[in-house]
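Given next are the chains, with one letter for each unit.
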Amino acid sequence: MFSLGSWLPALPGLAWGWALLDALLQGLVGACAVSVLCSLLKVYLYIQCLNNPERQAEKEAIGAQWWVLEPLHVVVLTGVLALVGSRVAALVVLEFSLRAVSTILSLGKGAHSSQLYLLCQYSLGCGVSCGLSFLLEGAPHGTCNLVLAAGLAGLLATYARRLARHVCTLYELHSRARYCGICILLLASGHGIPQLLRNALAITFAVADLAAVALINRDFLSTVEAVRFWTPLTICYTLLVIYMQEEPRQSAGGWTVYQTVLVRMGGLFILLLTVGRWMDILHVLVSLLGEFWCLLRAGAMLEACRQQ
């Protein structure tokens, strides 16, 4: 392996250019991870709706999504993840991890894990970006490693997208005729997709949480500064988790998901106004756009989860 920057003179502009390239590659890997998640969830929800005669309208809505827009979603999410700084991305990852643990503990009270998978889209992209930033920090061939990671992630996202398109187009026919190996495999073991996603997301967020804590703590010169930051952050996240548990009991409409995003990002915005930097505030606004973009993309699947 070789370092691309080693062939060029060490100019400040070139160093900034390599940093931008690394950020774009990290964002691309995160966007591809989100694409794989959505494609597998689309396969699972489509099969579940197909097997239930009362959910045919939801099945049609899931299958009617414009496949041409999938590459556009990846491009936009790549740009958003590249713009968001590692500090705000780390805060998003930690906030979702706490919220996910709280939701999992309350699954017996009626919460649905499928909806949680859709709500973690943007947080997953931030987690992958944070993990790569932390693991490759200071690596002599970091850019080359990111290129390989982006290539592998793009390949996985392409095959997952093809699988979802195949299922939404031909699964109903192939599952009856029993002559397609992919559809027969999904017919026998398609119910295991949530468990596969749960295990993969648990590993991803475990690594992302460790990377997030390390990325945040590296900006503090003393323990006092760290305490001044972590104390209000802990209080803010605790209040947000309590709100997330109480809010579904008060309303169950489609606007609830977007209202939750506004409350979460609003709390993070106010927190960073007091203990953050001006660039962090800008990154929170970019994160708000990223959250909305991911939710708009998964509108039909979110509706299917709500009706489940």
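These numbers come from a predicted model, not from an experiment. (Residues numbered from 1 in each chain as written. Predicted model: local features only at pLDDT ≥ 70, side-chain atom pairs only at ≥ 80, totals over all residues. Heavy atoms only, no water.)

(A) Spatial organisation of the overall build of the protein. When helices and strands are counted, the protein shows 13 helices and zero strands. Counting contacts in the protein only where the partners sit at least 6 residues apart, residues at least 24 apart contribute 79% of the total. Carbon and sulfur atoms make up 69% of the accessible area of the protein, which amounts to about 15500 Å² in all. (Helix = DSSP H or I, 4+ residues; strand = E, 2+ residues; numbered from the N terminus. Contact = heavy atoms within 4.5 Å. Areas by Shrake-Rupley, 256 points an atom, 1.4 Å probe, with all protein chains shown as cover.)

(B) Representation of the confidence of the model for the protein. The predicted model of the protein averages 80 in pLDDT, with 86% of residues at 70 or higher. Per-residue pLDDT stays below 50 along residues 1–15; that stretch engages in 17 contacts with residues further than four places along the chain or on separate chains. (pLDDT = per-residue confidence, 0-100.)

(C) Spatial organisation of the packing of aromatic side chains. Evaluation of the coordinates by the stated rule reveals two aromatic pairs. Taking the centre distance of 5.1 Å and the plane angle of 35° together, the rings of phenylalanine 96 and phenylalanine 205 count as tilted. Here phenylalanine 96 is found in helix α4 (residues 86–105), whereas its partner phenylalanine 205 is found in helix α9 (residues 193–217), with 109 residues between them in sequence. As far as burial versus exposure is concerned, phenylalanine 96 and phenylalanine 205 are alike and both buried. Residue placement shows arginine 162 over the ring face of tyrosine 159; its charged tip is 5.6 Å from the ring centre. (Phe/Tyr/Trp six-rings, centres within 6.5 Å; stacked < 30°, edge-to-face > 60°. Buried < 20%, exposed > 50% of the residue type's maximum accessible area, 1.4 Å probe, protein only. Lys NZ or Arg CZ within 6 Å of the ring centre and 35° of its normal.)

(D) Representation of the UniProt feature "transmembrane region" (unreviewed entry) in the protein in the model. According to UniProt, the "transmembrane region" (unreviewed entry) feature falls on residues 27–47, 68–94, 143–164, 227–244 and 256–275. The annotated region residues 143–164 carries 100% helix and 0% strand content, and the separation between its end C-alpha atoms amounts to 31 Å. Helix makes up 100% of residues 256–275 and strand 0%. Its end C-alpha atoms lie 29 Å apart. (UniProt positions renumbered as here; feature names shortened; annotations may be inferred.)

(E) Representation of the side chain of glutamate 95 within the structure. By the secondary structure assignment, glutamate 95 is in helix α4. Residue glutamate 95 is classed as buried on the basis of its relative accessible area of 7%.

(F) Local environment of the packing of helix α6 (residues 121–135) against α9. Packing of α6 against α9 brings their axes to within 8 Å, and their N-to-C directions diverge by 60°. With respect to their mutual orientation, α6 and α9 come out oblique. The two elements α6 and α9 meet at a crossing, and its hand is left-handed. Packed against α6, whose contacting residues are Ser123, Leu124, Gly127, Val128, Cys130, Gly131, Ser133 and Phe134, the element α9 presents Leu201, Thr204, Phe205, Ala208, Ala211, Ala214 and Leu215 at the interface. Across the contact of α6 with α9, the residue classes tally to ten nonpolar, five polar and no charged. (Axes fitted to C-alpha atoms, helices over the stretch in contact; angles between N-to-C directions. Parallel < 35°, antiparallel > 145°, perpendicular 65-115°, else oblique. Left-handed = near helix turned anticlockwise from the far one by under 90°. Nonpolar A, V, L, I, M, F, W, Y, C, P; charged D, E, K, R; others polar.)

(G) Up close: the nonpolar core. The biggest cluster of nonpolar side chains holds 86 residues, and the ones touching the most others in it are Leu37, Leu91, Tyr122, Leu268, Leu272 and Met301. At 16 residues, helix α1 (residues 12–50) tops the list of elements feeding residues into this core. Those residues within four positions of tyrosine 122 in sequence are excluded, and the remaining contacts are Leu77, Val80, Leu81, Val84, Val92, Ser287, Gly290, Glu291 and Cys294. (Core = buried A, V, L, I, M, F, W, Y, C linked by side-chain atoms within 4.5 Å.)

(H) Broad picture of the pattern of salt bridges. Counted according to the given criterion, the structure contains six salt bridges. The residue arginine 264 makes a salt bridge to glutamate 95 at a minimum N-O spacing of 3.1 Å. Of this pair, arginine 264 sits in helix α11 (residues 255–275) while glutamate 95 sits in helix α4, placing them 169 residues apart in sequence. Each member of the pair arginine 264 and glutamate 95 is classed as buried. A cluster of three or more residues bridged by salt bridges with shared partners is formed by Glu95, Arg99, Arg264 and Glu291. (Salt bridge = Lys/Arg side-chain N within 4 Å of Asp/Glu carboxyl O.)

(I) Structural context of the packing of α4 against α11. Running from N to C, α4 and α11 cross one another at 130°; their axes reach a closest spacing of 12 Å. With respect to α11, the element α4 is oriented oblique. Viewed along their axes, α4 and α11 form a crossing whose handedness is right-handed. Residues Arg87, Val88, Leu91, Val92, Glu95 and Arg99 of α4 touch α11, and the partners they reach there are Arg264, Met265, Leu268, Leu272 and Val275. For the contact of α4 with α11, the class distribution of residues is seven nonpolar, no polar and four charged.

(J) A nonpolar patch on the surface, seen in detail. The grouping of Phe134, Leu135, Ile203 and Val207 at the surface amounts to a nonpolar patch, some 380 Å² of accessible area in total. Structurally, leucine 135 is set in helix α6. On the basis of relative accessibility, which here comes to 57%, the residue leucine 135 falls in the exposed class. (Patch = residues over 30% accessible without salt bridge, like charges linked within 9 Å, V, L, I, M, F, W, Y side chains within 5 Å.)

(K) Spatial organisation of the environment of serine 97. Take serine 97: it is sitting in helix α4. Serine 97 sits 30 residues away from glycine 127 along the chain, and the two C-alpha atoms are 10.0 Å apart. Look past the residues within four positions of serine 97 in its chain and what remains in contact with it is Phe205 and Asp209.

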